[in-house]
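Remarks on the overall topology
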Amino acid sequence: MKKVPVSSQSTPTLTIRGVALYQRLLDRSAQTAMVEDLRRVVADAPLFRPETPRGQAMSVRMTSTGSVGWVSDRRGYRYQETHPKGMAWPPIPESVLAIWDAVAGTERQADTCLINYYDGTARMGMHQDRDEADFDQPVVSISLGDDALFRIGNLTRGGKTESVWLSSGDVLVMGGEARLVYHGIDRIRAGSSDLLASGGRINLTLRVARA
Ligand code: MD6
Ligand code: FE
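Starting from 1, residues in each chain are numbered consecutively following that chain's sequence as written. The lettering of chains begins at A and the numbering of ligands begins at 1, in the order of writing. Totals for whole chains, interfaces and linings use all residues, but because this is a predicted model, local features are given only for residues with pLDDT of at least 70 and pairs of side-chain atoms are given and counted only at 80 or more. Only hydrogens and water are set aside; all other atoms, that is, all heavy atoms of the structure, feed into the side-chain values.

1. Observations concerning the overall build of the protein chain
Helix and strand assignments come from DSSP, with helices taken as H or I runs of at least 4 residues and strands as E runs of at least 2, each series counted from the N terminus. When helices and strands are tallied, the protein chain shows two helices and 13 strands. The C-alpha extent of the protein chain, read off along each of the three principal axes, is 40 × 40 × 40 Å. Three labels apply to residues, based on accessible area from a 1.4 Å probe with only protein chains included: buried if under 20% of the type maximum, exposed if over 50%, partly exposed otherwise in between. The buried share among the 211 residues of the protein chain stands at 54%. Contacts between residues were defined by any pair of non-hydrogen atoms, one from each residue, lying within 4.5 Å. When contacts within the protein chain are restricted to residue pairs at least 6 apart in sequence, long-range pairs at least 24 apart make up 72% of them. With residues, only the protein chains shown are counted as cover, and all accessible areas are computed by Shrake-Rupley using a 1.4 Å probe. A total accessible area of about 9900 Å² is found for the protein chain, and carbon and sulfur atoms account for 48% of it. Here the positive residues are Lys and Arg and the negative ones are Asp and Glu; neither His nor the chain ends is included. To locate a charge, take NZ of a lysine, CZ of an arginine, CG of an aspartate or CD of a glutamate. Once the 26 positive and 24 negative side-chain charges of the protein chain are each reduced to a mean point, those two points are 6 Å apart.

Spelled out as structure tokens, the structure:
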């Protein structure tokens, strides 16, 4: 696992409602190296399709890395130490941790990285990320592959929203006042990137889940 050379460049190219966006922070070779690392992860901890607590199958497929991983089923949303098939989650690749180090702005290291895979029709409804113990710790997200329309709302459900297209290599930080804003993915622009051989989009979210 190679360290991805990212400039410790800590000026966002765009900030929307406190959500900081670092567009194209990863160049093509960094993206390719990261995808290789993720292929190894998925070989050990296969993607699965979670169910919401209400029994609805999500359109996104997921797996995790780190000491804990995020799961959802009839018992609810939570972090747990094992994949639904029972194995421990693989470690977070160094290439991914390097991005946390470059932009998170916190002393703590991420203890989990959720891997979301979107095919051309997948989406993610508006939600808050609130299953973590400490909301003073940011969430750092990395986009790879097809473009995605990311919608940013408010601290409560509803109200006016703003949207931005996320492209391959973009990194987003949700911290501070923006840590609990509602957000979602409306749609993927299928075929907009050739990074992934079979198309689609990968989104990585790095977090500190445990206190
Ligand atoms: C996605 N991202 O980009 C979904 N959550 O596919 C998220 O849900 C997200 O990008 C918290 C912080 C940053 C994110
Ligand atoms: Fe989220």
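Read on, since the account is not over.
2. Notes on the site of ligand 1
Near is defined per residue: the residue qualifies when any heavy atom it owns lies within 4 Å of the molecule or strand. Inspection of the region around ligand 1 gives 14 residues, with Y118, H127, S141, H183 and R201 positioned closest. The definition of a polar contact used here is a pair of N or O atoms within 3.5 Å, where within protein one atom must be able to donate a hydrogen and the other to accept one, and adjacent residues in sequence count solely through side-chain atom pairs. Within the contact set of ligand 1, an oxygen atom lies 2.7 Å away from a side-chain nitrogen or oxygen of R201. When ligand 1 is considered free in solution it has 340 Å² of accessible area, and contact with the protein chains removes 99% of it. Points on a 1 Å grid over protein atoms alone make up a cavity when a 1.4 Å probe fits among them but cannot get out, and a pocket when they form an open set with protein on both sides within 12 Å along at least five of seven lines; lining residues each have an atom within 4 Å of a point. Just a note on the criterion: a molecule sits in a pocket or cavity if more than half of its atoms are within 2 Å of the grid points. Taken atom by atom, the bulk of ligand 1 overlaps the largest pocket. Mapped onto the shell around ligand 1, the elements with two or more residues apiece are strand 7 (124-127), strand 8 (139-145), strand 11 (171-174), strand 12 (183-189) and strand 13 (201-207). Only Asp, Glu, Lys and Arg are considered charged, only Ala, Val, Leu, Ile, Met, Phe, Trp, Tyr, Cys and Pro nonpolar, and every remaining residue, Gly among them, polar. Tallied by class, residues from the shell around ligand 1 come to seven nonpolar, five polar and two charged.

3. So, the environment of G145
By secondary structure assignment, the location of G145 is in strand 8. Assessed through its relative accessible area of 1%, G145 is described here as buried. When the C-alpha positions of G145 and V35 are compared, they lie 9.5 Å apart, and in sequence the two are 110 residues distant. Excluding anything up to four places from it in sequence, G145 contacts S168, S193, L195, L196 and G200.

4. What to know about the pattern of salt bridges
Definition used for salt bridges: Asp or Glu carboxyl oxygen within 4 Å of a side-chain nitrogen of Lys or Arg. A full pass over the atoms with the stated rule returns twelve salt bridges. Ionic pairing is found between R17 and E162, a salt bridge with its closest N-O pair at 2.6 Å. Of this pair, R17 sits in the loop between strand 1 (14-16) and strand 2 (19-22) while E162 sits in strand 10 (residues 162-166), and the two are 145 residues apart along the sequence. Residue R17 is classed as partly exposed on the basis of its relative accessible area of 30%. Of the charged contacts, one joins D170 and R24 as a salt bridge, the two residues approaching to 4.0 Å between their closest N and O atoms. With D170 in the loop between strand 10 and strand 11 and R24 in the loop between strand 2 and helix 1 (28-44), this residue pair connects regions lying 146 residues apart in the sequence.

5. Structural notes on the pairing of strand 13
Taking burial as the measure, the seven residues of strand 13 include seven buried ones, the bulk of the element. As defined by bridge partners, strand 6 (residues 112-118) adjoins strand 13 across seven bridges and the pair is classed as antiparallel. Bridged to T112 within strand 13 is R207. Two strands pair if DSSP finds at least two bridges between them. Bridge count between strand 8 and strand 13: six bridges; the pairing is antiparallel. In the sheet register, V140 faces strand 13, and the bridge partner there is L206.

6. Focus: the sheet that holds strand 7
Taken together, four strands build an open sheet; the order of strands is 7-12-9-10 and the sheet is antiparallel. Every interior strand has two partners, whereas the edge strands, strand 7 and strand 10, have only one. Averaged over all pairs of adjacent strands, the angle between strand axes in this sheet comes to 25°, irrespective of strand direction. As defined by bridge partners, strand 9 (residues 147-152) adjoins strand 12 across six bridges and the pair is classed as antiparallel. From the neighbouring strand, D147 faces strand 12, where its bridge partner is R189. Every axis corresponds to a line fitted to the C-alpha atoms, with the helix fit spanning only the stretch in contact, and the corresponding angles, defined between N-to-C directions, vary from 0 to 180 degrees.

7. Some words on the sheet that holds strand 8
Two orientations exist for strands paired in a sheet by backbone hydrogen bonds: parallel and antiparallel. As summarised here, the arrangement of the seven strands in space is 1-2-11-8-13-6-3, forming an open sheet in which the pairing is antiparallel. For this open sheet the edge positions go to strand 1 and strand 3 (61-66), each flanked by a neighbour on one side alone. Averaged over neighbouring strand pairs, the angle between their axes works out to 20° when direction is ignored. Summarising the sheet, strand 8 and strand 11 pair through four bridges and their orientation is antiparallel. Within strand 11, the residue paired with V140 across the bridge is V173. The sheet strands contacting helix 1 are strand 3, strand 6, strand 8 and strand 13, and the helix crosses strand 8 at an angle near 100°.

These figures capture arrangement, not role.
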